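# Structure at a glance
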Amino acid sequence: MDISYILNHLGEEREEYYGSVAPPVFQTSNFCFKTVAIMREELKRELEIPFYSRGFNPTVAILRKKIAALEFAEDALVFSSGSAAVAAAVMSIVKAGDHVICVEKPYSWTNNLLTKYLSKYGVTTTFINGNEIINFENAIQENTKLIYLESPNSLTFELQDIEAVAILAKSKNICTILDNSYSSPINQNPITLGIDIVLHSATKYLNGHSDVVAGAVCGSKLRIMKMMAEEYMTIGSIISANDAALILRGLRTLEIRVDRSAQSTQKVIRFLEKHPKIKQVNHPFSDNNPQLILAKKQMKQGGGLFSVILNVENVNQVELFCDNLKRFLMAASWGGYESLVFPVCALGASNSFKNPLPWNLVRIYVGLEQAELLIDDLKQALEKI
Ligand SMILES: *Cc1c(COP(=O)(O)O)cnc(C)c1O
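Keep in mind it's a predicted model, so treat the numbers as computed, not measured.

A few words now on the packing of helix 4 (residues 82-91) against helix 5 (residues 108-117). Across the interface, helix 4 lies against helix 5 with an axial gap of 10 Å and an inter-helix angle of 35 degrees. The hand of the helix 4/helix 5 crossing is right-handed. Across the interface between the two elements, Ser 83, Val 86, Ala 87 and Val 90 of helix 4 pack against Trp 109, Thr 110, Leu 113 and Leu 114 of helix 5.

Written out as structure tokens, the structure reads:
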């Protein structure tokens with residue numbers, strides 16, 4: 001199935017709603033039935049047909065079909081946040097006494113889930129450097145049930161050899177989850193490389209307009225229906241029909257947004273790599289990335305998010321650089337139309353739990369503006385240091 005078909009048509013049964021080109025927003029909590037007999041029959045398939053909107057909602061269903069198809073998955077669920085998607089996916093795999101292997105420096109709230117939250121229920125986690133397959137092999141225990149990946153992570157952009165990890169996990173009967181928010185389904189499809197569950201913060205590229213917080217989980221029909229009956233229905237971190245409609249609108253331009261952001265980023269990092277005030281550029285497709293060959297093997301192109309280590313003496317100089325940027329908004333998140341900057345020094349002191357990163361690391365996201373304007377802006381701000 002081609003991407004254009006998925007984005008423009010898949011899941012949209014237009015003849016069922018007056019040929020409406022944009023899908024209707026089913027802003028309803030419940031659906032009614034004519035007779036007890038019909039209701040009894042429909043209730044048996046509560047999760048597959050319109051009955052109650054915490055379960056199946058027709059607007060959300062269109063979105064689920066599109067996201068699943070984009071990731072070459074049989075089915076998908078959409079959640080009220082990326083963190084809800086992470087929690088549901090992980091909790092669908094582990095129980096008390098189980099062990100998780102997770103790449104080091106995962107998304108901060110994923111780290112929280114594993115270290116602060118699931119530890120309360122007797123789940124243990126080993127964090128490893130995911131660059132070498134041997135580190136996964138060494139971390140496997142009798143009770144390891146899950147390997148959790150972020151390739152690349154969203155601060156320092158280390159990769160894992162996805163195919164090799166998937167083969168290892170399969171041979172030991174261990175489930176694999178990969179947070180694919182960075183690449184979006186346009187640039188990387190981990191299910192085709194053998195990963196069991198792929199998830200996204202849909203807040204980022206999938207929606208792409210910085211106006212919705214949402215998440216998605218993709219996998220086999222069996223896994224997704226089990227997750228729906230358990231974590232999704234029980235914890236209830238569902239998405240509203242309205243937010244689903246906004247993401248459907250955002251998805252129409254997913255491919256062109258991701259391509260534009262990726263192409264501009266290549267120009268921006270080429271400029272930064274040569275600048276004397278930049279010590280290092282962390283991006284999967286940077287020419288200096290020691291994992292460049294692996295990046296080219298498993299990703300179509302790099303994303304719009306990267307980080308730089310500034311060649312400066314003190315935090316004041318980092319602040320001068322960031323404060324002087326005019327085209328980049330200073331904010332968390334990324335994946336929208338707008339370029340952003342996030343300095344690690346805003347997190348507070350180095351070497352703390354929240355911040356194991358260098359104080360002079362600055363994360364930059366390249367949005368949809370013209371690359372030349374962004375380069376000029378970075379240039380003038382670097383000159384202010
Ligand atoms: C933002 C983000 C999340 C969390 O998603 P929310 O939508 O903010 O809950 C998870 N993983 C990655 C890589 C992210 O960037």
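On to the pattern of salt bridges. This structure, assessed with the given rule, holds 18 salt bridges. Asp 196 is the salt-bridge partner of Arg 223, the closest N and O atoms lying 3.9 Å from each other. Taken as a pair, Arg 223 in helix 9 (residues 221-235) and Asp 196 in the loop between helix 8 (184-187) and strand 6 (197-201) lie far apart in primary sequence, 27 residues in all. With relative accessibility at 29%, the residue Arg 223 sits in the partly exposed group. One salt-bridge network, in which partners are shared between bridges, spans Glu 12, Arg 14, Lys 66 and Arg 252.

Under the defined criterion, the tally for this structure stands at eight aromatic pairs. Arranged with centres 6.4 Å apart and planes meeting at 50 degrees, the rings of Tyr 182 and Trp 334 form a pair that is tilted. Taken as a pair, Tyr 182 in the loop between strand 5 (175-179) and helix 8 and Trp 334 in the loop between strand 10 (329-330) and strand 11 (340-343) lie far apart in primary sequence, 152 residues in all. Trp 334 carries the same exposure label as Tyr 182, and that label is buried. Through a chain of ring-to-ring contacts, the aromatic side chains of Phe 157, Tyr 182, Tyr 205, Trp 334 and Tyr 365 assemble into a single cluster. The residue whose ring lies beneath Arg 363 is Phe 342, and the NZ or CZ to ring-centre distance is 5.8 Å.

Spatially, 1-7-6-5-4-2-3 is the arrangement adopted by the seven strands of the open sheet, whose pairing is mixed. Among the strands making up the open sheet, the edge pair consists of strand 1 (75-79) and strand 3 (124-128). If you compare each strand with its neighbour and ignore which way they point, the axes differ by 20 degrees on average. Sitting on the sheet, helix 4 is in contact with strand 1, strand 4 (144-149), strand 5, strand 6 and strand 7 (215-219), with an inclination near 160 degrees to strand 6.

Calculation rules
- Residues numbered from 1 in each chain as written.
- Predicted model: local features only at pLDDT ≥ 70, side-chain atom pairs only at ≥ 80, totals over all residues.
- Heavy atoms only, no water.
- Axes fitted to C-alpha atoms, helices over the stretch in contact; angles between N-to-C directions.
- Helix = DSSP H or I, 4+ residues; strand = E, 2+ residues; numbered from the N terminus.
- Left-handed = near helix turned anticlockwise from the far one by under 90°.
- Contact = heavy atoms within 4.5 Å.
- Salt bridge = Lys/Arg side-chain N within 4 Å of Asp/Glu carboxyl O.
- Buried < 20%, exposed > 50% of the residue type's maximum accessible area, 1.4 Å probe, protein only.
- Phe/Tyr/Trp six-rings, centres within 6.5 Å; stacked < 30°, edge-to-face > 60°.
- Lys NZ or Arg CZ within 6 Å of the ring centre and 35° of its normal.
- Pairing = 2+ DSSP bridges.

Functional significance is not addressed by these values, which are geometric in nature.
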